[in-house]
Amino acid sequence: MMARALAASLAMDFKRIQFTPDLLPSDVTGVSIYNQKTGEFVFKQGPVFTNILLADEINRATPRTQSAMLECMGEYQVTADGVTYALPDVFMVIATQNPIDLQGTYPLPEAQLDRFFMRIPMDYPSPEEEIQVMTMQAKEHPIDHLQPVLSRHDVIEMIAAVKNVHVDHSVMRYIAEIVGATRRHEDLRSVPRRADRWL
């Protein structure tokens with residue numbers, strides 16, 4: 001609902017992928033199909049070609065299928081059969097995952113977790129909140145009447161405006177020092193450098 005509501009509020013395209021163990025990478029990114037009339041292969045875009053993508057239960061898919069999302073989230077493009085296809089100018093992935101202690105789940109690698117901006121643990125609602133949900137949906141769902149508050153053009157303009165924000169060198173230095181301190185602090189889990197992971 002959150003992903004659908006965000007897409008509706010921004011007048012964006014929305015697609016959902018149900019991640020399952022039998023899902024293939026091409027089911028996410030797309031596949032080349034042979035056209036008998038023209039005698040050529042034509043690329044059929046997968047559901048990743050959208051503005052807001054819901055990757056539902058992402059950790060139920062195999063690591064191979066999960067890795068199909070890496071290029072999409074990191075470079076906003078899909079490469080298939082040696083050809084690169086650009087994703088829409090506004091692209092965002094919202095993912096849900098099952099608890100990692102459940103059978104049949106595959107933990108997301110850190111390279112993929114790095115591409116998400118935030119992680120929000122969700123617990124069960126309180127009884128009062130559950131009653132409120134039932135009351136709001138007694139006759140119809142509130143999302144059916146959700147109206148856009150911004151257009152796609154507005155969002156693109158805001159993305160461009162961020163690139164023009166001046167950040168002083170002293171602020172950059174402060175950010176770098178904070179990041180460096182989190183890597184060395186004894187109360188934080190130590191993560192090896194990326195180069196060391198390939199040894």
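Described in the following lines is the structure provided in the data block. Everything quoted here is computed from the prediction, not taken from an experiment.

Here we look at the pattern of salt bridges
Per the counting criterion, the structure on display carries three salt bridges. A salt bridge links Arg60 to Glu57; the nearest nitrogen and oxygen atoms lie 3.2 Å apart. For Arg60, a relative accessible area of 25% translates into the label partly exposed.

Concerning the sheet that holds strand β4 (residues 52-56)
If you trace the three strands from one edge of the open sheet to the other, you get β1-β4-β7, paired in parallel fashion. In the strand order of this sheet, the two ends are held by β1 (14-18) and β7 (92-95), each with one partner. Averaged over all adjacent pairs, the angle separating strand axes in this sheet is 20 degrees, with direction ignored. As judged from the five bridges shared by β1 and β4, these two strands associate in the parallel manner. Each bridged residue has a counterpart across the sheet, and for Lys15 the counterpart in β4 is Leu53.

A short note on the nonpolar core
One finds Phe19 and Val48 to be the most contacted residues of the largest nonpolar core, which totals 20 residues. Contributions of two or more residues to this core are made by β4, α4 (68-75) and β5 (77-80). Take this core: its biggest share by element is three residues, from α4. Among residues more than four places away in sequence, those in contact with Val48 are Val28, Thr29, Leu53, Cys72, Val78, Leu87 and Phe91. Residues Ala3, Met12, Ile52 and Val155 belong to the second largest nonpolar core, which totals nine residues.

Describing a nonpolar patch on the surface
Where nonpolar side chains cluster on the molecular surface, the patch consists of Val165, Val167, Val171, Met172, Ile175 and Val179 and spans about 480 Å² of accessible area. Along the polypeptide, Ile175 turns up in helix α8 (residues 169-184).

Let's talk about the pairing of strand β2 (residues 30-35)
With six bridges connecting them, β2 and strand β3 (residues 40-45) associate as antiparallel partners. Residue pairing in the sheet places Gly30 in a bridge with Gln45 of β3. Where β2 folds back on β3, the antiparallel hairpin that results is connected by four residues, among which Gly39 adopts a positive phi of roughly 75 degrees.

Quick word on the packing of aromatic side chains
Centre-to-centre distance and the angle between the planes together describe a pair of aromatic rings. Summed over all chains, the structure comprises four aromatic pairs. Both rings, one in Phe43 and one in Phe49, keep their centres 6.1 Å apart while their planes meet at 70 degrees; by these two values the pair is edge-to-face. A network of ring pairs unites the aromatic residues Phe43, Phe49 and Tyr85 as a single cluster.

Topic: the environment of Tyr34
Within the secondary structure layout, Tyr34 lies in strand β2. Given a relative accessible area of 44%, Tyr34 falls into the partly exposed group. In sequence terms Tyr34 and Leu10 are 24 residues apart; their C-alpha atoms lie 36 Å from each other. Residues within four places of Tyr34 in sequence aside, it is in contact with Gly39, Glu40 and Phe41.

Cut-offs used in this document
Residues numbered from 1 in each chain as written. Predicted model: local features only at pLDDT ≥ 70, side-chain atom pairs only at ≥ 80, totals over all residues. Heavy atoms only, no water. Salt bridge = Lys/Arg side-chain N within 4 Å of Asp/Glu carboxyl O. Buried < 20%, exposed > 50% of the residue type's maximum accessible area, 1.4 Å probe, protein only. Pairing = 2+ DSSP bridges. Helix = DSSP H or I, 4+ residues; strand = E, 2+ residues; numbered from the N terminus. Axes fitted to C-alpha atoms, helices over the stretch in contact; angles between N-to-C directions. Core = buried A, V, L, I, M, F, W, Y, C linked by side-chain atoms within 4.5 Å. Contact = heavy atoms within 4.5 Å. Patch = residues over 30% accessible without salt bridge, like charges linked within 9 Å, V, L, I, M, F, W, Y side chains within 5 Å. Areas by Shrake-Rupley, 256 points an atom, 1.4 Å probe, with all protein chains shown as cover. Phe/Tyr/Trp six-rings, centres within 6.5 Å; stacked < 30°, edge-to-face > 60°.

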